[in-house]
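Residues per chain are reported as follows:
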Amino acid sequence: MEKKDMNWSELGFGYIKTDMRYVCNYKDGAWDEGGLTDKATIEMSECACVLQYAQTCFEGLKAYTTADGSIVCFRPDLNAARMADSCRQMKMPVLPEEKFLEAVRQTVTANAAWVPPYGSGATLYLRPFMFGIDSVIGVKPANEYQFRLFATPVGPYFKGGVRPLTLRISDLDRAAPRGTGHIKAGLNYAMSLYNIVDAHEQGYDENVYVDAATRTFIEETGGANIIFVTPEGKLVVPKSDTILPSITRRSLVQVAKDYLGIEVEERPVALSELSSFAECGLCGTAAVISPVGKIVDHGKEVEFAGMGPVIRKLYDTLTGMQMGSIEAPEGWIFKIC
Ligand code: PLP
Ligand code: COI
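Residues numbered from 1 in each chain as written. Chains lettered and ligands numbered in written order. Predicted model: local features only at pLDDT ≥ 70, side-chain atom pairs only at ≥ 80, totals over all residues. Heavy atoms only, no water.

Chemist: Can you explain the pattern of salt bridges? Please cite residues and give values.
Modeler: Under the counting rule described, the total for this entry stands at 13 salt bridges. For Arg163, the salt bridge is made with Asp205, and the minimal N-O distance between the two is 2.8 Å. With Arg163 in the loop between strand E8 (145–154) and strand E9 (165–169) and Asp205 in the loop between helix H5 (193–201) and strand E10 (206–210), this pair connects stretches of sequence that are 42 residues apart. Ionic pairing is found between Arg312 and Asp316, a salt bridge with its closest N-O pair at 3.1 Å. Of this pair, Arg312 and Asp316 both sit in helix H7 (residues 309–322), 4 residues apart, roughly one helical turn. (Salt bridge = Lys/Arg side-chain N within 4 Å of Asp/Glu carboxyl O. Helix = DSSP H or I, 4+ residues; strand = E, 2+ residues; numbered from the N terminus.)

The structure is reproduced here in structure tokens:
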């Protein structure tokens, strides 16, 4: 199969319309058969629940070309499960896991020419999402829903590729205690837009959010979880009920423990501990593991090693598994073709 004629290594993290996407509709209490379409636009009522009350959630995963030329995805079953959690909380119908995986399989297969070649530094980002589509004017959930999954080839999430990032401790909060921080609801991102624009204007790559209740514990950034490494090489991972359970982070914890013999602590991490860490990174599907060079806490600068030895080892092992050069644990690699 011939790949699209693209300068893959120059890609940033943007939307490029690909050939096909998957659509499935929920009406009268049931999902329809679902299938592929080339239509990249959506028509809906001006009063659709998603437009009025932001009833929408999404996922993010990637398709990779491996060293032997296969196309694979990484743990899509966990995206299906997390989307189900998001849907339950947002009073949306759950798309069965088999249907979610079928949407992944069909969309990637139909867009195989868009999956960047092995070694190009780019991947095919998949965006499953669901929204309330029928008219709702009183505050209540929709009756009808649409699930979609589209694909777009992407390069590094942060401009300039893999380089040490500069973050700031945010003055605004992301997630309330007992709120929606642990699910992937669009509303969590809508409220971060003011803050990310402001951060960029002030010269920062991202905002680090702290817990809204006490403002003393580190949570995560707007689009990725955060991880730390102590000078002794121990991996320290913030634990909180108000952060997104990152699939990348959960995988890294297992890789660190079982493959690399790295000690791992998953626990609340106080803001006051920042300067005790040697390395810091952001982890997520889009971020992969992006090294952090500096966090600025209201004028106080804390520096980290950037791509230090532990972050490097985690990065190489995780991406090696995703790209097929290192054997992954049973069930992590979902082969498409
Ligand atoms: N945290 C937030 C707020 C995110 O948007 C993401 C991206 O999905 C993550 C963490 C990382 O999650 P994952 O590793 O499952 O992509
Ligand atoms: C992802 O990593 O898949 C996300 O959804 C993060 C988003 C900020 C692009």
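The rest of the description comes next.
Chemist: Can you tell me about the site of ligand 1, naming the residues and giving the values?
Modeler: Lining the immediate surroundings of ligand 1 are 17 residues, of which Tyr189, Glu220, Ser246, Thr248 and Thr285 lie closest. A distance of 2.7 Å separates an oxygen atom of ligand 1 from a polar side-chain atom of Arg82. For ligand 1, the accessible surface in isolation is 380 Å², of which the surrounding protein chains cover 97%. A majority-of-atoms criterion places ligand 1 in the largest pocket. Every element with two or more residues in the shell around ligand 1 is listed here: strand E11 (218–221), helix H6 (247–258) and strand E15 (279–284). Residue classes in the shell around ligand 1 are distributed as 5 nonpolar, 8 polar and 4 charged. (Near = heavy atom within 4 Å. Polar contact = N/O pair within 3.5 Å; in protein donor to acceptor, adjacent residues only side chain to side chain. Areas by Shrake-Rupley, 256 points an atom, 1.4 Å probe, with all protein chains shown as cover. 1 Å grid on protein atoms, 1.4 Å probe; cavity = no way out; pocket = protein on both sides within 12 Å on 5 of 7 lines; lining within 4 Å. Sits in = over half its atoms within 2 Å of the grid points. Nonpolar A, V, L, I, M, F, W, Y, C, P; charged D, E, K, R; others polar.)

Chemist: Explain the nonpolar core to me, and be specific about the residues and the numbers.
Modeler: Counting residues in hydrophobic clusters, the biggest one holds 37 residues, and the most contacted among them are Val104, Val108, Leu126, Met130 and Phe147. Sorting the residues of this core by element identifies strand E1 (21–27), strand E5 (61–65), strand E6 (71–74), helix H2 (76–89), helix H3 (97–110), strand E7 (123–132) and E8 as the ones contributing at least two each. By residue number, the principal contributor to this core is H3, which donates 5 residues. Membership of the second largest hydrophobic core comes to 24 residues, among which are Val72, Ala256, Ile311 and Tyr315. (Core = buried A, V, L, I, M, F, W, Y, C linked by side-chain atoms within 4.5 Å. Buried < 20%, exposed > 50% of the residue type's maximum accessible area, 1.4 Å probe, protein only.)

Chemist: Tell me what's going on with empty space enclosed by the protein, and back it up with residues and numbers.
Modeler: Summed over all chains, the structure comprises 2 cavities of 30 Å³ or more. Around the largest cavity, the lining residues are Arg174, Ala175, Tyr209, Val210, Glu219, Glu220, Thr242 and Ile243. Every element with two or more residues in the lining of the largest cavity is listed here: E10 and E11. Considering only enclosed or pocket space, the second largest cavity measures out at about 30 Å³ in volume. Among the secondary structure elements, those contributing two or more residues to the lining of the second largest cavity are strand E12 (225–229) and strand E13 (235–238). Taken together, the residues of the lining of the second largest cavity sort by class into 4 nonpolar, 1 polar and 2 charged. (Points joined across faces, edges and corners; volume = space filled by probe spheres on them.)

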